[in-house]
Amino acid sequence: MDGPRVLVCDPIHDEGVKILREAGYIVDLRTSITANEFVDAVGDFDAIVVRSRTKVTEQALEAGKRLKAVARAGVGLDNIDLNAAKQRGIIVVNSPEAPSNAVAELVLGLMLSLARRIPEADDSMKKGKWIKKRLTGIELKGKTLGIIGFGRIGYQLAKKAGALEMRVLTYVREREKFIEFVEEAGADAVDLDELLGSSDFVTIHVPLLPQTKHMIGTEEISAMKDGAYLINAARGGVIDEEALRKALVSGKLAGAALDVYEEEPPRDISLTGLQNVVSLPHIGAATIEAKRASSTVVAEKLIKILG
Ligand code: NAD
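Since the model is a prediction, treat every value here as computed from it, not as a measurement.

Colleague: I keep staring at the packing of helix α5 (residues 100-116) against helix α7 (residues 152-163) and nothing clicks. Help me out?
Modeller: For any two helices packed against each other, the geometry is given by the interaxial angle and the distance between the axes. Packing of α5 against α7 leaves a shortest axis separation of 8 Å and a crossing angle of 45°. On the basis of their axis angle, the class for α5 and α7 is oblique. Along this stretch, α5 crosses α7, giving a crossing that reads as right-handed. When α5 is examined against α7, the residues S100, N101, V103, A104, E105, V107 and L108 are found in contact with a partner set consisting of R152, I153, Q156, L157, K160 and A161. Residue composition of the contact of α5 with α7, by class: seven nonpolar, three polar and three charged.

Okay, here's the thing in C-alpha cells:
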C-alpha cells in the first residue's frame, strides 16, 4: 500500500524531504505552486508543508478533503487559517525550536561586535583608515548579561554566555516552573528592575504580544546602568525605538545591536544609522543548520501525526 501523500508547497531543505521519503511517504515537490493550483491539487494529499509564501486559506482547507496535517517549516503561522483548520480537525505544526541556537550564537556575535567595536573597525579599514587608538573596547569576561525572557533562545544563550565567563541574570515570568532550567544554564532568576540595574548587556527574548509591546521604553532604559548595551533579536515592537534612539544619542546607553525593527526594512534610518548601533537585516534564523532543522523538525512531527 502507498504511504501518506505530502505536498510541499514552498522550498524547504532537502533533508526533511529525505526523512519523509525514507519513511515511505510520497512527497510531491511543487515549490512554486500558485494559489489556484494549490486549491485544485490539495484534495489528493494527507499533509502539506509550507513556509510563509503559500496561504493556507479556508477554501484550501475545505478542498483538502483528506488533509490531516499542515506543517509550517518555520515559526509564524499567520499564513494559515488556524480556526478553519481546527474546525476540520486538521493538526497544524511548526518548528519554533529550529532557530534557537542560530539566534543565541548571533547574540554572542552582537555582544562581541559592540564590546570590541568590530563593525566600526572593519568599516574604517575598508575606507583605508587606521584608527587603532580610537578603538579600545571592553571584555565580556566578568560582565553581567541580563536576559529578558527565558525560553528556548534565552536558555541557549545563558549557557553560552556562562562559557565566556559572564555572570548571567534572567527575568523569567513563571520563575518556579522554570527555575530548574535557569540553574542548569548557570543563570540567576531576578526581577526586571534588578536585571536592568545590574546588567552591562541586556538582551530581549520574549515574543511580541500586546503585553510585551514596548516592554523596554524610556522608564526601563533609564533603569539600566549608564553606559550599558541593549540587544534586540526578538521582534521590533518589544523595544520603543524612539526611546532607544534618544538614549543612544544622549550617551545614556553606550550602544545597541538590533536584528529586528518595528518596520522591516526600516525606512527611517535615524536609529540604525547611529555610529553606536550595530544593525542587521533580520538574519537571526538565517543559517544552513537552522534551515535544515526547520525542515527535519516538521518532517518528524508529520511522521508522528500520520504514522
Ligand atoms: P520561547 O517561546 O521559547 O520563549 C519566549 C519566552 O518569553 C517564554 O519563556 C515566555 O514565558 C517568555 N515571556 C513571554 N512574555 C513575557 C513577559 N511579558 N515577560 C517575561 N517573559 C515573557 O521563544 P524563543 O524560541 O526563545 O524565541 C523568542 C522570540 O525570538 C520569538 O518569539 C521570536 O519573536 C524571536 N525570534 C527571532 C528570530 C530572529 O530571526 N531574530 C528567530 C527566532 C525567534
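Once you've had a look at it, read on.
Colleague: Looking at this model, I keep getting lost on the site of the ligand. Mind explaining?
Modeller: Neighbouring the ligand are 22 residues, the closest being R152, I153, A233, D259 and H282. A distance of 3.5 Å is found between an oxygen atom of the ligand and a backbone nitrogen or oxygen belonging to F150. Note that an oxygen atom of the ligand is positioned 3.3 Å from one of the backbone N or O atoms of A285. Burial of the ligand by the protein chains amounts to 85% of its free accessible area of 860 Å².

Colleague: I would appreciate a short explanation of the nonpolar core in the present structure.
Modeller: Most often, soluble globular proteins keep nonpolar side chains buried together rather than apart. Core analysis: the biggest nonpolar cluster contains 31 residues, and M111, L145, F201 and I231 have the highest contact counts within it. At the level of secondary structure, the elements contributing two or more residues to this core comprise α5, β6 (144-148), α7 and β10 (228-232). For this core, the element with the highest residue contribution is α5, accounting for nine residues. Discounting residues that sit within four places of it in the chain, L145 has contacts with M111, L157, A161, M166, R167, V168, L169, S199, F201 and T203.

Colleague: What is the right way to look at α5 in this model?
Modeller: Along an α-helix, residues three or four apart share an orientation, since each turn contains 3.6 residues. The end-to-end C-alpha distance of α5, which contains 17 residues, comes to 25 Å, matching closely the 24 Å that a straight helix rising 1.5 Å per residue would cover. The element α5 is extensively covered by neighbouring structure, given that 12 of its 17 residues are classed as buried. Phi for R117, located one or two positions after α5, is positive at around 55°.

Colleague: Whenever I open this one, the sheet that holds strand β11 (residues 253-258) confuses me. Can you help?
Modeller: Either a parallel or an antiparallel arrangement is found when strands of a sheet pair, and the pairing is made through backbone hydrogen bonds. In spatial order, the strands read β8-β7-β6-β9-β10-β11-β12; together these seven strands make up an open sheet with parallel pairing. In this open sheet, the two edge strands, each paired with only one partner strand, are β8 (188-189) and β12 (277-279). Across three bridges, β11 lies against β12 in parallel orientation. Considered in β12, the bridge of A257 is made with V278.

Colleague: Just checking my understanding: could you explain the sheet that holds strand β4 (residues 69-72) for this structure?
Modeller: Taken together, the five strands give an open sheet; going across it, the order is β2-β1-β3-β4-β5, and neighbouring strands pair in parallel fashion. Whereas interior strands pair on both sides, the edge strands pair on one side only; in this sheet they are β2 (26-29) and β5 (91-93). In this sheet, neighbouring strand axes are inclined to one another by 15° on average, regardless of whether the strands run parallel or antiparallel. The sheet contact formed by β4 and β5 spans three bridges and is parallel. By the bridge assignment for β5, A69 is matched with I91. Those strands touched by helix α1 (residues 14-22) are β1 (5-8) and β2, and its axis lies near 150° from that of β2.

Colleague: What exactly am I supposed to notice about unusual backbone geometry here?
Modeller: Excluding glycine, a negative phi dihedral is what most residues carry, and trans is how most peptide bonds are arranged. With an omega dihedral of -10°, the bond running from E264 to P265 counts as a cis peptide bond. Along the chain, P265 turns up in the loop between β11 and β12. Of note, the phi angle at R117 is positive, near 55°, even though the residue is not glycine. Along the chain, the position of R117 falls in the loop between α5 and α6 (118-126). The exposure class of R117 is partly exposed, given its relative accessible area of 26%. Phi is positive for E165, which is not a glycine, with a value near 65°.

Each value, and the rule that gives it
- Residues numbered from 1 in each chain as written.
- Predicted model: local features only at pLDDT ≥ 70, side-chain atom pairs only at ≥ 80, totals over all residues.
- Heavy atoms only, no water.
- Axes fitted to C-alpha atoms, helices over the stretch in contact; angles between N-to-C directions.
- Helix = DSSP H or I, 4+ residues; strand = E, 2+ residues; numbered from the N terminus.
- Parallel < 35°, antiparallel > 145°, perpendicular 65-115°, else oblique.
- Left-handed = near helix turned anticlockwise from the far one by under 90°.
- Contact = heavy atoms within 4.5 Å.
- Nonpolar A, V, L, I, M, F, W, Y, C, P; charged D, E, K, R; others polar.
- Near = heavy atom within 4 Å.
- Polar contact = N/O pair within 3.5 Å; in protein donor to acceptor, adjacent residues only side chain to side chain.
- Areas by Shrake-Rupley, 256 points an atom, 1.4 Å probe, with all protein chains shown as cover.
- Core = buried A, V, L, I, M, F, W, Y, C linked by side-chain atoms within 4.5 Å.
- Buried < 20%, exposed > 50% of the residue type's maximum accessible area, 1.4 Å probe, protein only.
- Expected span 1.5 Å × (residues − 1).
- Pairing = 2+ DSSP bridges.

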